[in-house]
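# A structural walkthrough
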Amino acid sequence: MKRIVLSMAVALVLTACGSSVKLDKVPVEDKSGATVSTTTDAGKIDGSGVAKSDVASVDLEKAKLDALMKSTTRTVYFDYDSFVIRPEFQSVIEAHAKFLKSDKARKVTLEGHTDERGGREYNLALGQKRSEAVRKALVLQGVADSQLEAVSFGKEKPAVLGNSEAAMEKNRRTEISYR
């Protein structure tokens, strides 16, 4: 008799734990309130019996690079009357090179600038040499030359107005501008 009562108690507990809800076909509501069907498609199962997902994969390395580029400076500064890249800007060049190599479709314009000292033609030539120096440094890091365009604005687009040495330092630059 104890066995029958024990068997009935176990059956009762197991029945109480059961659910009649079908988890395969649960309706989902989107934010607009419309019901969306979530039935599984047999056509989405590959030969190995594993269901394929419509969810796009995320390239974490690319996402990290995108975040890094938002915080990385896009300006390389130069000394007076020079187009030699200073050592402290080598890390900027390397970061942009890594970013450009990760996506061959990205294009960049390298905009060379000078301070206001010197003639118009001289400053256009110096600005071009500065933008070409950054272009060559990026190519040496493995960036395709087809992704880069070097241009010069000379003294026509100053970053800072004024005749002070601090203002002129900010104008001797190459800006890396993504298109």
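Further up the page is the structure itself.
No experiment lies behind these values; they were computed from the predicted model shown.

With that settled, the discussion passes to the packing of helix α3 (residues 90-102) against helix α4 (residues 120-140). Two elements in contact, α3 and α4, have axes whose closest approach is 9 Å; the angle formed by their N-to-C orientations is 60°. With respect to α4, the element α3 is oriented oblique. Along this stretch, α3 crosses α4, giving a crossing that reads as right-handed. Mapping the contact onto sequence places Ile93, His96, Ala97 and Leu100 in α3 and Val134, Ala137 and Leu138 in α4. Partitioned by chemical class, the residues of the contact of α3 with α4 number six nonpolar, one polar and no charged.

It is worth spelling out a nonpolar patch on the surface at this point. On the surface, a cluster of nonpolar side chains totalling about 310 Å² of accessible area is made up of Leu6, Val10 and Leu14. With a relative accessible area of 56%, Leu6 lands in the exposed category.

What follows concerns the packing of aromatic side chains. Considering all chains together, one arrives at two aromatic pairs under this definition. A centroid spacing of 5.9 Å and a plane angle of 55° characterise the contact between Tyr77 and Phe89, whose relative ring orientation is tilted. Here Tyr77 is found in strand β3 (residues 75-77), whereas its partner Phe89 is found in the loop between β3 and α3, with 12 residues between them in sequence. Exposure remark for Tyr77: the relative accessible area of 21% places this residue in the partly exposed category. Seen from their ring centres, Phe99 and Tyr178 are 5.3 Å apart, and the 85° between their planes marks the pair as edge-to-face. On the criterion of sequence distance, the pair formed by Phe99 in helix α3 and Tyr178 in strand β6 (residues 173-178) is long-range, its members being 79 residues apart. Lying over the aromatic face of Phe99, Arg106 brings its terminal NZ or CZ to 3.7 Å of the ring centre. One Lys or Arg, Lys170, reaches over the ring of Tyr77 and ends 5.1 Å from the middle of that ring.

The next thing to look at is the side chain of Gln147. Mapped onto the elements of the fold, Gln147 is located in the loop between α4 and β5 (148-154). One polar contact links the side chain of Gln147 to the main-chain carbonyl oxygen of Leu100, over a distance of 3.1 Å. Engagement of the side chain of Gln147 in a polar contact is seen with the backbone oxygen of Arg106, the distance being 2.9 Å. For Gln147, the contacting residues outside a window of four places in its chain are Leu100, Asp103, Lys104, Arg106, Lys107, Val108 and Arg179.

The next subject is the pattern of salt bridges. Counting across every chain of the model gives 11 salt bridges. Between Arg117 and Asp115 there is a salt bridge; the shortest N-O distance is 2.9 Å. Among the ionic pairs, Arg173 bridges to Glu175, the shortest N-O distance being 2.8 Å.

Okay, the pairing of strand β4 (residues 108-113) next. Along β4, six of the six residues are buried, which leaves the element largely enclosed by surrounding structure. Across the two faces of β4 the burial is the same, with Val108, Leu110 and Gly112 and Thr109, Glu111 and His113 all buried. Where β4 lies against β5, six bridges are found, and the strand directions are parallel. Its bridge partner being in β5, Glu111 is matched across the sheet by Val151. For the crossover from β4 across α4 to β5, the handedness is right-handed. Looking at chain direction, β4 and β6 are connected through six bridges and run antiparallel. When the sheet's bridge partners are listed, Gly112 is paired in β6 with Thr174.

What counts as what
- Residues numbered from 1 in each chain as written.
- Predicted model: local features only at pLDDT ≥ 70, side-chain atom pairs only at ≥ 80, totals over all residues.
- Heavy atoms only, no water.
- Axes fitted to C-alpha atoms, helices over the stretch in contact; angles between N-to-C directions.
- Helix = DSSP H or I, 4+ residues; strand = E, 2+ residues; numbered from the N terminus.
- Parallel < 35°, antiparallel > 145°, perpendicular 65-115°, else oblique.
- Left-handed = near helix turned anticlockwise from the far one by under 90°.
- Contact = heavy atoms within 4.5 Å.
- Nonpolar A, V, L, I, M, F, W, Y, C, P; charged D, E, K, R; others polar.
- Patch = residues over 30% accessible without salt bridge, like charges linked within 9 Å, V, L, I, M, F, W, Y side chains within 5 Å.
- Areas by Shrake-Rupley, 256 points an atom, 1.4 Å probe, with all protein chains shown as cover.
- Salt bridge = Lys/Arg side-chain N within 4 Å of Asp/Glu carboxyl O.
- Buried < 20%, exposed > 50% of the residue type's maximum accessible area, 1.4 Å probe, protein only.
- Phe/Tyr/Trp six-rings, centres within 6.5 Å; stacked < 30°, edge-to-face > 60°.
- Lys NZ or Arg CZ within 6 Å of the ring centre and 35° of its normal.
- Polar contact = N/O pair within 3.5 Å; in protein donor to acceptor, adjacent residues only side chain to side chain.
- Pairing = 2+ DSSP bridges.
- Right-handed = clockwise from strand over helix to strand, strands pointing away.

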